[in-house]
Amino acid sequence: MKTIVKRTLSYLCLLPASFCALLLLLCLCLCSGCASEEQAAQLSQAPDGVVNFKALIVGTPPDTGLDEIYAQLDALTVPELSCTLRFEFVPWGNERKQINIATASGEYDFISGGVFSDYRTLVSKNAFLDLNEYLYLAPALKEHYTTYSETALSDCEIDGGLYGLPQFSMGEIASVNEGFFYREDLRKEWGLGPIDSLDAMEDYLYRAKQEERYQDQPLITDNRIWQSLWLLVSRGKYLEVESMMETPFVVVQADDPDTLISRLETPEFATVLKYLVKWRRDGILEPNLLALSDNEGSRGREMMMADLKPCETNVPDWSISTSYIPDLTKAHPEWEYGFFPYTGGNEEWYIGSLASASVVSVSSKTSDPKKAVLLLEKIHTDQRYYDLIKYGAEGIHYRREGEYISYDGIPGSSQFGWTVCTDDLMSYEAMPLNEQWHRDVEEKLSAWKEELAKTAAPHPLDGFTFLIDAAAAQQLDTAELKYFQPLVCGYYEDIREGLAETLDALEQAGFAEYMDDMQRQLRAWRAEA
């Protein structure tokens, strides 16, 4: 802390009086440990020449300490970049719609997006800055991404433009971290075998329904369950063009990656629908699944905390470690947990590209694109900046134990992180909060990923990006909401009738033209490769 204050004071002789007033106030805030509401309000009013950046983050704000993050950020950004950075949070659940509204408003300089948003549609509407035009200002940022590959950023381009800076995940394997999170102590108590297949997972769900405390409760409360079933049923036969959220209707066969096919017309999709109808009929699915948001992680966690259900679907292991485990361990230290990755039965493995990662975009309406790009460079190359936007304020949102991050005693609701700015080269390893989870799951998953990375081939569509016509995308979105979503939530008792109705609606919405256009772009990309 003394170092920060000393560095800040050193700028006083070089800055205008308005700067000095701001920085002196900042020093007082830092020395007192945290900023008061009045001080925080003053800090938000930057002097002339300082740009106030606003970032839209998907998630929830920490229970405490956000003002301290701002105070420590200002100590860096004001003297070094002549800007401030403030966050606004959109909770998971209705993020797609909220991101669209926020982007259109022009009020935000940084937009979190990617596979969970209408990123490509927004690109087609010229909503984001083409970062290629400004990367000459940030050579350290360009160099940083070459650690992944020489073409890491160019692979993320859409029609020649770089409209989002991707998360930096070295050697991440697509979908490998998503799975079925469950109470391991109950599996043992019930005498069930290992959860390592769809059948074993289903056995666990139906056995849980025999328990009085779970009989009247839905065990699956996430309307993306169809995606989990797809992974389990298709077993690596198909590859995603992008994520299932962004291209739900289109896939390619693993042995013919240059030809697009309709997912809805595959036999595996019909099998997925059978499971959905069965699980809805038997009370496994939330009866009002269609009315829920696209991401009910918070609700699922609270239900597990209250012992209203013993499991969760569609959850990545990192989310369990940072969100579920801290609160569950504190409330129920005697419970044990297990995790079944949905891709565990796949026969083919591919290293994922940064091109399919979530991204941070800069609004095309930002007041200072050059400073915005320089701030992104700092975030990915300067540990002081990265620690604040990834972890928050030390001692409030996390603790340091040597080279490790510790969340011991810090509830999940008090943690912070601009998740789409995650950078594996800058992150610290976290100290385990639950020894059983760390020993039985995290360490094994880590070793598994490392082993797969040694033998996995590059994804055959690695680097392929496409542009969607905004009007065409809107028509398909309407059909998806009205027909596809009820179908994949198990609402059609007659599967053939529901599938035929959905296919007809998609055809009327221009699906054939959409797929023809994407196929044309794929051929053009392949010809240039």
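None of these values were measured; they are calculated from a predicted model.

A. How the structure looks around the overall build of the protein chain. Each helix and strand in the protein chain was counted, giving 20 helices and 16 strands. By the burial criterion, 57% of the 529 residues in the protein chain qualify as buried. Put simply, of all contacts in the protein chain between residues at least 6 apart along the chain, 76% involve residues at least 24 apart. For the protein chain, the computed accessible surface area is about 22600 Å², with 49% contributed by carbon and sulfur atoms.

B. Molecular detail of the pattern of salt bridges. According to the stated counting rule, one finds 26 salt bridges in the structure shown. The salt bridge involving Glu80 is made with Arg384; its shortest N-O contact spans 3.0 Å. Highlighted residues: Glu80 in helix α4 (residues 66-81) and Arg384 in helix α16 (residues 383-390), separated in sequence by 304 residues. Overall, the relative accessible area of 31% leaves Arg384 in the partly exposed class. For Glu286, the salt bridge goes to Arg299, with nearest N and O atoms at 2.9 Å. Of this pair, Glu286 sits in the loop between α12 (267-281) and α13 (297-305) while Arg299 sits in helix α13, and the two are 13 residues apart along the sequence. Exposure remark for Glu286: the relative accessible area of 8% places this residue in the buried category. Look at Arg299 and you get partly exposed, because its relative accessible area is 30%.

C. Region of interest: empty space enclosed by the protein. Taken as a whole, this structure holds 1 cavity of 30 Å³ or more when the rule is applied. Of the pockets and cavities examined, the largest cavity occupies roughly 120 Å³. What lines the largest cavity is a set of 16 residues, and nearest its centre among them are Tyr119, Arg120, Ala355, Ala357 and Val359. Per-class residue counts for the lining of the largest cavity are 9 nonpolar, 4 polar and 3 charged.

D. The arrangement of the sheet that holds strand β7 (residues 250-253) in detail. Strand order across the open sheet formed by 3 strands is β6-β7-β8, with antiparallel pairing between neighbours. The open sheet terminates on both sides in strands that have one partner only, identified here as β6 (238-240) and β8 (256-262). Averaged over all adjacent pairs, the angle separating strand axes in this sheet is 40 degrees, with direction ignored. As defined by bridge partners, β6 adjoins β7 across 3 bridges and the pair is classed as antiparallel. Paired with Leu239 across the two strands is Val252, which belongs to β7.

E. Just the sheet that holds strand β15 (residues 429-430), in detail. Strand order in the open sheet formed by 3 strands is β13-β14-β15, with mixed pairing between adjacent strands. Looking at strand neighbours, the two that pair on one side only are β13 (399-401) and β15, the edges of this open sheet. Across 3 bridges, β13 lies against strand β14 (residues 404-406) in antiparallel orientation. Opposite Arg400, over in β14, you have Ile405 as the bridge partner.

F. Expanded view of a negative patch on the surface. A cluster of acidic residues, Glu265, Glu493, Asp494, Glu497, Glu501, Asp504, Glu507, Glu513 and Asp516, forms a negative patch at the surface. Looking at the negative patch, the elements with two or more residues in it are α19 (495-508) and α20 (511-528). Here Glu513 shows up in helix α20.

G. The arrangement of the packing of α4 against α16 in detail. Their axes nearest at 10 Å, the elements α4 and α16 cross at an angle of 145 degrees. Classified by chirality, the crossing of α16 by α4 is left-handed. Contacts between α4 and α16 involve Ile69, Gln72, Leu73, Leu76, Thr77, Glu80 and Leu81 from the first element and Arg384, Tyr385, Leu388 and Ile389 from the second. Among the residues forming the contact of α4 with α16, the class breakdown is 7 nonpolar, 2 polar and 2 charged.

H. Region of interest: the side chain of Asp387. Checked against the element boundaries, Asp387 lands in helix α16. At a separation of 2.9 Å, a polar atom in the side chain of Asp387 contacts the side chain of Tyr428.

I. Layout of unusual backbone geometry. Phi is positive for Asn126, which is not a glycine, with a value near 60 degrees. Along the chain, the position of Asn126 falls in the loop between α6 (119-124) and α7 (139-145). Residue Asp307 is not a glycine yet carries a positive backbone phi of 55 degrees. Mapped onto the elements of the fold, Asp307 is located in the loop between α13 and β9 (311-316).

J. Inspection of the pairing of β7 at higher detail. In terms of strand pairing, β7 meets β8 through 4 bridges, oriented antiparallel. When the bridges of β8 are listed, Val252 appears paired with Leu260. Hairpin remark: β7 followed by β8, antiparallel, with 2 residues in the connecting loop.

K. Inspection of the packing of aromatic side chains at higher detail. Summed over all chains, the structure comprises 32 aromatic pairs. With centroids separated by 5.3 Å and ring planes inclined at 55 degrees, the aromatic side chains of Trp190 and Tyr204 adopt a geometry described as tilted. Here the residue Trp190 occupies a position in helix α8 (residues 184-190), and Tyr204 occupies one in helix α9 (residues 198-208), the gap between them amounting to 14 residues. Pair check on accessibility: Trp190 and Tyr204 agree, each one buried. Look at Tyr275 and Trp279: their rings are 5.8 Å apart centre to centre, the planes differ by 70 degrees, and that puts the pair in the edge-to-face class. Of this pair, Tyr275 and Trp279 both sit in helix α12, 4 residues apart, which is roughly one turn of the helix.

L. Examining the side chain of Asp382 more closely. Tracing the chain through its elements places Asp382 in the loop between α15 (369-381) and α16. Leaving out residues up to four positions away in the same chain, Asp382 has contacts with Glu377 and Met426.

M. Examining α19 more closely. End to end, α19 covers 20 Å across 14 residues, agreeing with the expected 20 Å (1.5 Å per residue, within 8%). Gly498, Leu499, Thr502, Ala505 and Leu506 are the residues of α19 that are buried. For α19, the angular spread of buried residues about the axis comes to 130 degrees, placing them on one side. Opposite its buried face, α19 presents the exposed residues Arg496 and Gln508, each directed more than 90 degrees away. Where α19 is buried, its residues touch α12, α18 (470-488) and α20. Capping of α19 at its N-terminal end is provided by Asp494; its side-chain oxygen lies 3.3 Å from the backbone amide nitrogen of Arg496. Directly after α19, the chain includes Gly510, whose backbone phi takes a positive value near 95 degrees.

Rules and cut-offs
Residues numbered from 1 in each chain as written. Predicted model: local features only at pLDDT ≥ 70, side-chain atom pairs only at ≥ 80, totals over all residues. Heavy atoms only, no water. Helix = DSSP H or I, 4+ residues; strand = E, 2+ residues; numbered from the N terminus. Buried < 20%, exposed > 50% of the residue type's maximum accessible area, 1.4 Å probe, protein only. Contact = heavy atoms within 4.5 Å. Areas by Shrake-Rupley, 256 points an atom, 1.4 Å probe, with all protein chains shown as cover. Salt bridge = Lys/Arg side-chain N within 4 Å of Asp/Glu carboxyl O. 1 Å grid on protein atoms, 1.4 Å probe; cavity = no way out; pocket = protein on both sides within 12 Å on 5 of 7 lines; lining within 4 Å. Points joined across faces, edges and corners; volume = space filled by probe spheres on them. Nonpolar A, V, L, I, M, F, W, Y, C, P; charged D, E, K, R; others polar. Pairing = 2+ DSSP bridges. Axes fitted to C-alpha atoms, helices over the stretch in contact; angles between N-to-C directions. Patch = residues over 30% accessible without salt bridge, like charges linked within 9 Å, V, L, I, M, F, W, Y side chains within 5 Å. Lys, Arg positive; Asp, Glu negative; His and termini not counted. Charge placed at Lys NZ, Arg CZ, Asp CG, Glu CD. Left-handed = near helix turned anticlockwise from the far one by under 90°. Polar contact = N/O pair within 3.5 Å; in protein donor to acceptor, adjacent residues only side chain to side chain. Phe/Tyr/Trp six-rings, centres within 6.5 Å; stacked < 30°, edge-to-face > 60°. Expected span 1.5 Å × (residues − 1). Arc of directions from axis to C-beta.

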